[in-house]
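# Structural overview
Given next are the chains, with one letter for each unit.
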Amino acid sequence: DSGVTQTPKHLITATGQRVTLRCSPRSGDLSVYWYQQSLDQGLQFLIQYYNGEERAKGNILERFSAQQFPDLHSELNLSSLELGDSALYFCASSPNPRGEKLFFGSGTQLSVL
Amino acid sequence: QQQVKQSPQSLIVQKGGISIINCAYENTAFDYFPWYQQFPGKGPALLIAIRPDVSEKKEGRFTISFNKSAKQFSLHIMDSQPGDSATYFCAALSGTYKYIFGTGTRLKVLA
């Protein structure tokens, strides 16, 4: 167990809908990363937060947004969902801002029908 | 320039054999190169990592070889075991906090 908690584990929704994925980092970790994993594209970096502030941005769509709250948990919001957004979404945390060692949660499997 | 290219996509090795997975990068700003192991239904977990000031790092049966001039690094799994069957990801990290992963290699070790 990595100590990173992601909820829900599975999410089934329809196109055009909006969903929120939640991540609780390991106790004491200030950095949170979000990744999207699909079969053909591996792990795609979406965004990183450190202690509530956005630190780095990857290939995150404008329909997606994220934030890290004062208690350090993070939420990834996906809106106007499309079929192609179906993927496994991982959250990872790290004890330092550079994040050399990432601890991954078990992921949220999103299915858009 | 932000990509890390990983090969092969899949690999089948006999028990006791050597598994070799290769990665290449372009961005010379990368200064930390980890490998992650992912089992089905789980998130990736850090396996071993190297910095560009060394050419090789070994931890048990796992070795990273690093070639700075060629901008390539590889993971060698010695005496491969069926329990090593998993997906392996190389990654690279730069000072700009972007943690970039390769596309993954599915390793199957036959008993």
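Refer to the structure presented above.
How two aromatic rings sit relative to each other is set out by the distance from centre to centre and by the angle between their planes. Counted by the stated rule, this structure contains 19 aromatic pairs over all chains. Relative to F73 of chain B, the ring of F33 of chain B lies with its centre 4.9 Å away and its plane at 55°, an arrangement referred to as tilted. Taken together, the positions of F33 of chain B in strand β4 (residues 30-38) and F73 of chain B in strand β8 (residues 72-77) put the pair 40 residues apart, joining distant regions of the chain. Across the pair, F73 of chain B and F33 of chain B agree in class, each one buried. Through pairs of rings, three or more aromatic residues link up here, namely Y33, Y35, F45, F90 and F104 of chain A together with Y36, F89 and F101 of chain B. Above the face of the F103 of chain A ring, R26 of chain A is positioned so that its terminal group lies 3.6 Å from the ring centre.

A few words now on the interface of chain A and chain B. At the interface, 21 residues of chain A touch 22 residues of chain B. Regarding the contact of chain A and chain B, the summed buried area is about 1700 Å², with carbon and sulfur atoms giving 57% of it. Contact with chain B buries surface across chain A, with L43, R98 and E100 of chain A losing the most and accounting together for 36% of the total. Taken together, chain A and chain B are joined by 1 salt bridge. The salt bridge involving E100 of chain A is made with R51 of chain B; its shortest N-O contact spans 2.6 Å. Counting across the interface, chain A meets chain B through 4 residue pairs in polar contact (both at pLDDT 80 or more). If you list the elements that add at least two residues to the side of chain A that touches chain B, you get β4 (31-38), β5 (42-50) and β6 (53-57) of chain A. With 4 residues, the top contributor of residues to the side of chain A that touches chain B is β5 of chain A. Along the lines of polarity and charge, the residues of the side of chain A that touches chain B split into 10 nonpolar, 6 polar and 5 charged.

If you add up the space inside the largest pocket, you get close to 720 Å³. Along the walls of the largest pocket sit 29 residues, with Q37 and L39 of chain A together with Q38, T87 and R106 of chain B positioned nearest its centre. Secondary-structure elements contributing two or more residues to the lining of the largest pocket are β4, β9 (87-94) and β11 (108-112) of chain A together with β9 (86-94) and β11 (105-110) of chain B. In terms of residue class, the lining of the largest pocket is made up of 8 nonpolar, 17 polar and 4 charged. Lining of the second largest pocket is provided by 21 residues; of these, D1, S2, F104 and S106 of chain A together with G43 of chain B occupy positions nearest its centre.

On to the state of the cysteines. Residues and elements named next belong to chain A. For the structure on display, the rule yields 2 disulfides over all chains. Between the sulfur atoms of C23 and its disulfide partner C91 the distance amounts to 1.8 Å. On the sign convention where negative means left-handed, the S-S torsion of about -50° between C23 and C91 marks this disulfide as left-handed. Here C91 lies in strand β9 and C23 lies in strand β3 (residues 19-24), a separation of 68 residues in the sequence. C23 sits in the buried class, given a relative accessible area of 0%. You can call C91 buried: its relative accessible area is 0%.

Time to look at the sheet that holds β8 of chain B. Residues and elements named next belong to chain B. Spatial strand order, β1-β3-β8-β7-β6: 5 strands in an open sheet with antiparallel pairing. At either margin of the open sheet sits one strand with a lone partner, and together these are β1 (4-7) and β6 (56-59). Adjacent strand axes in the sheet meet at a mean angle of 15° when their direction is disregarded. Strand direction decides the pairing type here: β6 and strand β7 (residues 62-67), joined by 4 bridges, are antiparallel.

Criteria and cut-off values
Residues numbered from 1 in each chain as written. Chains lettered and ligands numbered in written order. Predicted model: local features only at pLDDT ≥ 70, side-chain atom pairs only at ≥ 80, totals over all residues. Heavy atoms only, no water. Phe/Tyr/Trp six-rings, centres within 6.5 Å; stacked < 30°, edge-to-face > 60°. Helix = DSSP H or I, 4+ residues; strand = E, 2+ residues; numbered from the N terminus. Buried < 20%, exposed > 50% of the residue type's maximum accessible area, 1.4 Å probe, protein only. Lys NZ or Arg CZ within 6 Å of the ring centre and 35° of its normal. Contact = heavy atoms within 4.5 Å. Buried area = accessible area lost by both parts, 1.4 Å probe. Salt bridge = Lys/Arg side-chain N within 4 Å of Asp/Glu carboxyl O. Polar contact = N/O pair within 3.5 Å; in protein donor to acceptor, adjacent residues only side chain to side chain. Nonpolar A, V, L, I, M, F, W, Y, C, P; charged D, E, K, R; others polar. 1 Å grid on protein atoms, 1.4 Å probe; cavity = no way out; pocket = protein on both sides within 12 Å on 5 of 7 lines; lining within 4 Å. Points joined across faces, edges and corners; volume = space filled by probe spheres on them. Disulfide = S-S within 2.5 Å. Pairing = 2+ DSSP bridges. Axes fitted to C-alpha atoms, helices over the stretch in contact; angles between N-to-C directions.

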